[in-house]
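# Residue-level structural notes
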Amino acid sequence: METKFKHLLLVTSVTIATIISCSKQDDGQFISDSSTTLQTEIIDIPNFENPETMWEESNRELYNKAYDKFMEHVYLEDGLYKHDIRSGREIGVAEPIYDYIKENLQTINSQVEKGEAVLMEEQGEILYARRKLKEQPSTFSEYQEDYFGNRVTIWSTAGSEMTNRIGDAMGRFDSGLGGNFSDYFSWNSQIYNRTGTASYAGYNVTYHVSSSVSNFQENNPSNSFVSMAERTYGDYTYFDLRNNQGNTLMSIRAQGSAAANAVRNKINGN
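Below or above, wherever it landed, is the structure these notes cover.

About the criteria used
Residues numbered from 1 in each chain as written. Predicted model: local features only at pLDDT ≥ 70, side-chain atom pairs only at ≥ 80, totals over all residues. Heavy atoms only, no water. Helix = DSSP H or I, 4+ residues; strand = E, 2+ residues; numbered from the N terminus. Expected span 1.5 Å × (residues − 1). Buried < 20%, exposed > 50% of the residue type's maximum accessible area, 1.4 Å probe, protein only. Salt bridge = Lys/Arg side-chain N within 4 Å of Asp/Glu carboxyl O. Pairing = 2+ DSSP bridges. Axes fitted to C-alpha atoms, helices over the stretch in contact; angles between N-to-C directions. Polar contact = N/O pair within 3.5 Å; in protein donor to acceptor, adjacent residues only side chain to side chain. Contact = heavy atoms within 4.5 Å. Core = buried A, V, L, I, M, F, W, Y, C linked by side-chain atoms within 4.5 Å. Phe/Tyr/Trp six-rings, centres within 6.5 Å; stacked < 30°, edge-to-face > 60°. Left-handed = near helix turned anticlockwise from the far one by under 90°. Nonpolar A, V, L, I, M, F, W, Y, C, P; charged D, E, K, R; others polar.

For the rest of this paragraph, the subject is helix 3 (residues 95-113). Look at helix 3: 27 Å from first C-alpha to last across 19 residues, which is about the 27 Å you get at 1.5 Å a residue. Every buried residue belonging to helix 3 is among Ile 97, Tyr 98, Tyr 100, Ile 101, Asn 104, Leu 105, Ile 108, Asn 109, Gln 111 and Val 112, and all of these are buried. Of the residues one or two after helix 3, Gly 115 is the one with positive phi, at around 80°.

Here we come to the pattern of salt bridges. Oppositely charged side chains may form a pair once their charged atoms are brought near each other. This structure, assessed with the given rule, holds five salt bridges. Close ionic contact of Glu 161 with Arg 165 constitutes a salt bridge, the shortest N to O distance being 3.1 Å. In this pair, Glu 161 and Arg 165 are both assigned in helix 5 (residues 159-174), four residues apart and thus about one turn of the helix distant. Owing to a relative accessible area of 24%, Arg 165 belongs among the partly exposed residues under this scheme.

Here we take up the sheet that holds strand 8 (residues 203-209). Strand order in the open sheet formed by five strands is 7-8-11-10-9, and the pairing between neighbours is antiparallel. Two strands bound the open sheet, and with one partner strand each, they are strand 7 (194-200) and strand 9 (227-233). Between one strand axis and the next, the sheet turns by 20° as a mean value, whatever way the strands run. Across seven bridges, the pairing between strand 9 and strand 10 (residues 236-242) is antiparallel. Its bridge partner being in strand 10, Arg 231 is matched across the sheet by Tyr 238.

Relative to the elements of secondary structure, Asp 240 occurs in strand 10. Among the polar contacts listed, one links the side chain of Asp 240 to the side chain of Arg 231, at a separation of 3.1 Å. At 2.6 Å, the side chain of Asp 240 and the side chain of Ser 251 are in polar contact. In this structure, Asp 240 is in contact with Pro 51, Met 170, Ser 227, Met 228, Ala 229, Arg 231, Thr 248, Met 250 and Ser 251, ignoring residues within four places of it in sequence.

Before going further, it helps to spend a moment on the nonpolar core. Grouped together as the largest cluster of nonpolar side chains are 29 residues, with contacts concentrated most on Tyr 63, Phe 70 and Ile 97. Looking at this core, the element that brings in the most residues is helix 3, giving seven residues. The residues contacting Phe 70, other than those within four sequence positions of it, are His 83, Ile 85, Ile 91, Tyr 98, Ile 101, Lys 102 and Leu 105. Core analysis: the next-biggest nonpolar cluster, separate from the first, contains 26 residues, Phe 173, Ile 191, Leu 241 and Leu 249 among them.

With that settled, consider the packing of aromatic side chains. This model, assessed by the stated rule, comprises seven aromatic pairs. Ring geometry for Tyr 63 against Tyr 67: centres 6.4 Å apart, planes inclined by 35°, an arrangement best described as tilted. A residue pair is termed a helical-turn pair when its members lie 3 or 4 positions apart in one helix, as Tyr 63 and Tyr 67 do in helix 2 (residues 57-71) at four residues. You'll find Tyr 63 and Tyr 67 in the same group, each marked buried.

Glancing now at the pairing of strand 10. Of all seven residues that make up strand 10, six are buried, and the element is covered over most of its length. Taken together, strand 9 and the strand that follows it, strand 10, pair antiparallel across an intervening segment of two residues, in which Gly 234 is found at a positive phi of about 65°. As paired strands, strand 10 and strand 11 (residues 248-255) are joined by seven bridges and run antiparallel to one another. Paired with Phe 239 across the strands is Ile 252, a residue of strand 11.

One non-glycine residue, Asn 47, adopts positive backbone phi at about 60°. Positive phi outside glycine occurs at Ala 201, with the angle close to 55°. One can find Ala 201 in the loop between strand 7 and strand 8. Look at Ala 201 and you get partly exposed, because its relative accessible area is 23%.

What follows concerns the packing of helix 2 against helix 3. At a minimum axis distance of 10 Å, the contact between helix 2 and helix 3 shows a crossing angle of 65°. As for the relative orientation of helix 2 and helix 3, their crossing is right-handed in sense. Contacts between helix 2 and helix 3 involve Tyr 63, Ala 66, Tyr 67, Phe 70 and Met 71 from the former and Ile 97, Tyr 98, Tyr 100, Ile 101, Lys 102 and Leu 105 from the latter. Classifying every residue of the contact of helix 2 with helix 3 by side-chain character gives 10 nonpolar, no polar and one charged.

So, in structure tokens, the structure goes:
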């Protein structure tokens, strides 16, 4: 009788532990790695393949946690990002997020190899900057000096004005002019973390501007445009400007091929 009681107690304990472990999946933030003896929480973002998923601040916060985990294993070698991670599971990150961060680092490495950007280590931190006018600056802060001359200030948050500024930022970046987030928007809380619709390039589009609170500070290198990506998801084409962490700073969403072609042409100045 005592043996049966101990067995029942053991089964009950395992069941309770399993329920607690599985409950972490309900919020969509973590999945459980059941292949190891010691359960490991893995950062996951549901529907990560949809570009709009990263428009949500809560998802950006999760992504930044995954990014930090990845970067703990990254170092510089010959001025390029290197890492020894073979899978996201090794660091507690879901594979789609791991692949995304890895591709982002490859994009930055490619820019460095082309002479378009530089990576340097200062006080134990790896810093990134697009190359600007100075040929051989000695410090990271010199790379970050603004050479636009004029900062655009938005006095109205009208949708058409927003999309025009986003499109202008994308066009200037695509032309190699670089730029910082603050070059296009004043530091106004009404502008950031904003999604709306407007007419652009003759079509109705959706625009998104990321939150200034979660990703940006005046002197934060993450505030710079690093890459522009065009992605298709369903019937939508997304034109994104990203920072060095891979976060989307600005986005224009066009529906259908005709609208996508029109937006692309306007951004490229065609």
